[in-house]
Structure formats: C-alpha cells, structure tokens
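What the coordinates show
Letter by letter, the chains look like this.
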Amino acid sequence: MEYKPIRAIISGGGTGGHIFPAVSIANKLKQLNPDTEILFVGAEGKMEMEKVPAEGYRIVGLPIVGMQRRLTLKNLMNNLTVPFRVLGSVRQAKKIVKEFKPDVVIGVGGYASAPLLWAATGMKIPAVIQEQNGFAGLTNKLLGSRVQSICVAYDGMEKFFPKEKLVMSGNPIREAVSQPATAAMKAEAMEYFKLDPQKKHLFVVGGSLGSGTLNNAMKHWIQDGCPDGADVEVIWQCGKYYKKGVDQFMAGHPEVQGITPYDFIARMDLAYAAADVVISRSGASTVSELCAMGKATVFVPSPNVAEDHQTHNAMALVRREAALLVKDSDAVDELLSTAIGLLHNDQRRALLEKNAEGMALRNAAQIICDEVYKLI
C-alpha cells in the first residue's frame, strides 16, 4: 500500500483511557509518512489538552461535557447544560473541519469525539472509529451507523455495530510493553526496583490515580500479617492521591519487609517484567498491555465506569483461562489470597501466561492506519 501524505483529525478523550490509543495512531500515521498533517480535537479542560501537546501534536478543545450519572445538585446543573454545549460543540466542529480540510477523521471514543465525528460525517468526510472495550461506549454506538469502518479489540462486537463494518484490530499499545520480557529486561527490573531475584514478585497497580479498593485490600493483607507472603516482594503503585495515607499506614507496620509503595511508576515495562503476578483494574489499554507482555493477572474491574465495561474486558480473558477475576466488592477479603495462591501455583500461572499472550494483538496501530488509507 502506498502511504501518501494525508490530513487527518483524531478526536476523542474526556477520559484518560482514550488518549494513548489516539497518540499511538497519530505516531504510526507520521511514521508511515512524515508529511502527514494531524490535528487533535478534545474536550476543554480535560487531560488530553495537556497530554497531546506533550507528545508534539496540536489540539483544539471543544466546550463539550459528559453526562454525570450520580445524582447531586452540581451534576444536575451540569446535565442541564449538556444539550447547549453539544450544539455549540457541533457548530465549532464544523468550523474546524472546514478550516483544516481533513481527508479522514478518526474517533477513539469518549464524549469528546461525538461533535467532531457527527459534524464531519454530515459533511461526507470518511470516518473510522476505534472501540477499545468489550462493551461499546455510548458515543461510538451513536456514531456506528455514520462511519465507514469500526476497529475493535474484542469478539462479539456485532451486537453493538453493523457486522460488515467491523475490523479486528486490537488496541494500540506502547512499544515498550508490546512483547514478553527478556531475561535481560527482568534482570534490569530486579535492579531498578531493588528486588531479590530468588523471591516471587507481585505488582499491584490501580491505574495512574490509584485505587482505594486495591489499596484497602493490601492494607487488610498486611494487617493480617501477610499470610503466605514470606517469600513474596510487592511493587505497590498506590497512586498520588493515596500515597501519604499509605506511607503513614506502612510506618505503623515497621515489621513488614519487601513491600514498597509508589505514587507513580514511570517504567511500567520494568514493573510488568518484574511481576510474576499482576493485580490490576481492567481498563482496555491495560488489558491489551498485559496480554502483550504475557502476564498472569488477577483483574478487579472498577464498578465506577460506564456500562461496567471493565468487567466485560476482564471476562473476555477469564472465559479463555487467560486471567482471574475478583469482584470489587469482594476484593478486601479475597484479592490477596487469590493472588498469593496464584503466585505459588506455577502450573496455573503458566497456563494464564500462555493464554493471555495468545490473545495479544500487537499490530493494532498499523491495522487501523491501513483502514484509514483504504477509506481515502
């Protein structure tokens, strides 16, 4: 295929899980032809307005906001403004499309992509959307009938979208976490985190902001005396918001050795490499990374996401014996005993690793970009 220079708008965000796939697609388009022009469109005040320029791309913000599901006075007031903000955002999106003159628009989900994709498809601009989760988001479901191609990461997505438009692409992931760790990488991870190579290693990660549930489960295990954890070391990414409280908790348990809390981990590739077992939420990008790295994982789906899509993501692996799942409501009592049991069951762990790696789709950005070029 000839990769001529094109003009593309990539739109999405409003939540963090949509930003990295968007940047990954942009990077691949620039790799295929450095003369390609890319403009991002996001939601004013959301994290994409910082993250995207940090990656070297221009972004324009729309005044769009999402509907708030929790019933509070503030959320009710917000929801009353949504229709007006949507109309204003669609008008602004039309102006952006007219000025930038894209050959194609790419939506990566999140409410921020709705006005741009709606405006562009109404102006007969070819469009692709990428659905990262096993349960389609509302924005992508609304746009499915208007776009030409829908790139997905899970089987069974024809219940949300026209079957003839579906392309199995997987989710774009970072190069550093796209392959299982080599022996040299594992050795580097031991050094980086100051770990004992003779011990088992557990990585607890609650996303960039941390997870109160996972942190409480860890505290419960520590208060119980870390049962069956004598030969276990833990990398505990507790999140910036929780770090002060976790430090105070750990100071009250000076007898505990081999558990190191971090507010944030920059080298996720090394954390994954070090881990024999991972405890994690099941956001789409995280699930894709863990499959690519071939990690045995105990997922604790977040109950605080739309359409409970994290449970759908995790269950896609659980059904194929590629991961374990502990409900958020059961995590404090069951999570650590499940993970420690898995750490000490080499046969079960090896099965999960093999099956998880078998589900990895490592060429997602290329497949999505090829769909873009087919449309043009």
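Our structure's up above, just so we're on the same page.
As a starting point, this report considers the structure included with it.

What counts, and where the lines are drawn
- Residues numbered from 1 in each chain as written.
- Predicted model: local features only at pLDDT ≥ 70, side-chain atom pairs only at ≥ 80, totals over all residues.
- Heavy atoms only, no water.
- Helix = DSSP H or I, 4+ residues; strand = E, 2+ residues; numbered from the N terminus.
- Rg over C-alpha atoms; globule rule 2.2 N^0.38 Å.
- Buried < 20%, exposed > 50% of the residue type's maximum accessible area, 1.4 Å probe, protein only.
- Contact = heavy atoms within 4.5 Å.
- Areas by Shrake-Rupley, 256 points an atom, 1.4 Å probe, with all protein chains shown as cover.
- Lys, Arg positive; Asp, Glu negative; His and termini not counted.
- Charge placed at Lys NZ, Arg CZ, Asp CG, Glu CD.
- Salt bridge = Lys/Arg side-chain N within 4 Å of Asp/Glu carboxyl O.
- Expected span 1.5 Å × (residues − 1).
- Arc of directions from axis to C-beta.
- Pairing = 2+ DSSP bridges.
- Axes fitted to C-alpha atoms, helices over the stretch in contact; angles between N-to-C directions.
- Core = buried A, V, L, I, M, F, W, Y, C linked by side-chain atoms within 4.5 Å.

Here we come to the overall build of the protein chain. Helix and strand counts for the protein chain come out as 14 helices and 13 strands. A compact globule built from 376 residues should have a C-alpha radius of gyration of about 21 Å, and the protein chain, at 22 Å, falls within 12% of that. Overall, the C-alpha framework of the protein chain stretches about 65 × 50 × 35 Å when taken along its three principal axes. Looking at the 376 residues of the protein chain, the share that counts as buried comes to 54%. Across the protein chain, every contact between residues at least 6 apart in sequence was considered, and the portion connecting residues at least 24 apart equals 67%. Put simply, the protein chain shows about 17400 Å² of open surface, and 52% of that area lies on carbon and sulfur atoms. Separation of charge centres in the protein chain, based on 42 positive and 39 negative side chains, amounts to 9 Å.

This structure, assessed with the given rule, holds 12 salt bridges. With its nearest N and O atoms 3.5 Å apart, the salt bridge here joins Asp 276 to Lys 186. Pair noted here: Asp 276 is in the loop between α9 (268-274) and β11 (277-280) and Lys 186 is in helix α6 (residues 183-192), with a separation of 90 residues, a long-range link. Given the relative accessible area of 13%, Asp 276 is considered buried.

Our focus in this paragraph is helix α8 (residues 240-251). Taking 1.5 Å of rise per residue, 12 residues should cover 16 Å, and α8 covers 17 Å from first to last C-alpha, within 8% of that figure. Looking only at α8, the buried set comprises Lys 243, Val 246, Phe 249 and Met 250. Buried residues along α8 cover an arc of 130° about the axis, so they all sit on one side. Exposed residues pointing more than 90 degrees away from the buried face of α8 are listed as Tyr 241, Lys 244, Gln 248 and Ala 251. Buried residues along α8 sit against α7 (212-223), β9 (232-237) and β10 (259-262).

An order of β3-β2-β1-β4-β5-β6-β7 is seen for the seven strands of this open sheet, with the pairing classed as parallel. Each edge of the open sheet carries a strand with a single partner, namely β3 (58-62) and β7 (166-168). Strand-to-strand twist in this sheet, taken as the mean axis angle between neighbours without regard to direction, amounts to 25°. Pairing analysis gives five bridges linking strand β2 (residues 37-43) to β3, with the strands arranged parallel. Following the sheet pairing, Phe 40 is matched in β3 by Ile 59. Relative to the sheet, helix α4 (residues 113-122) contacts β1 (7-11), β2, β3, β4 (104-107) and β5 (127-131), its axis offset from that of β4 by approximately 150°. Helix-sheet contacts for helix α14 (residues 364-375) involve β4, β5, β6 (149-152) and β7, and the interaxial angle to β5 is about 160°.

A separate point is the nonpolar core. Ranked by size, the top nonpolar core spans 64 residues in total, and within it Ile 9, Val 105, Leu 116, Leu 117, Phe 203, Tyr 272 and Leu 317 carry the most contacts. Residues within four places of Tyr 272 in sequence aside, it is in contact with Val 177, Phe 203, Val 278, Thr 286, Glu 289, Leu 290, Met 293 and Lys 295. Of all hydrophobic cores here, the second largest spans 32 residues; its members include Leu 214, Leu 324, Val 326 and Leu 342.

No statement about biological role is implied by the geometric values presented.
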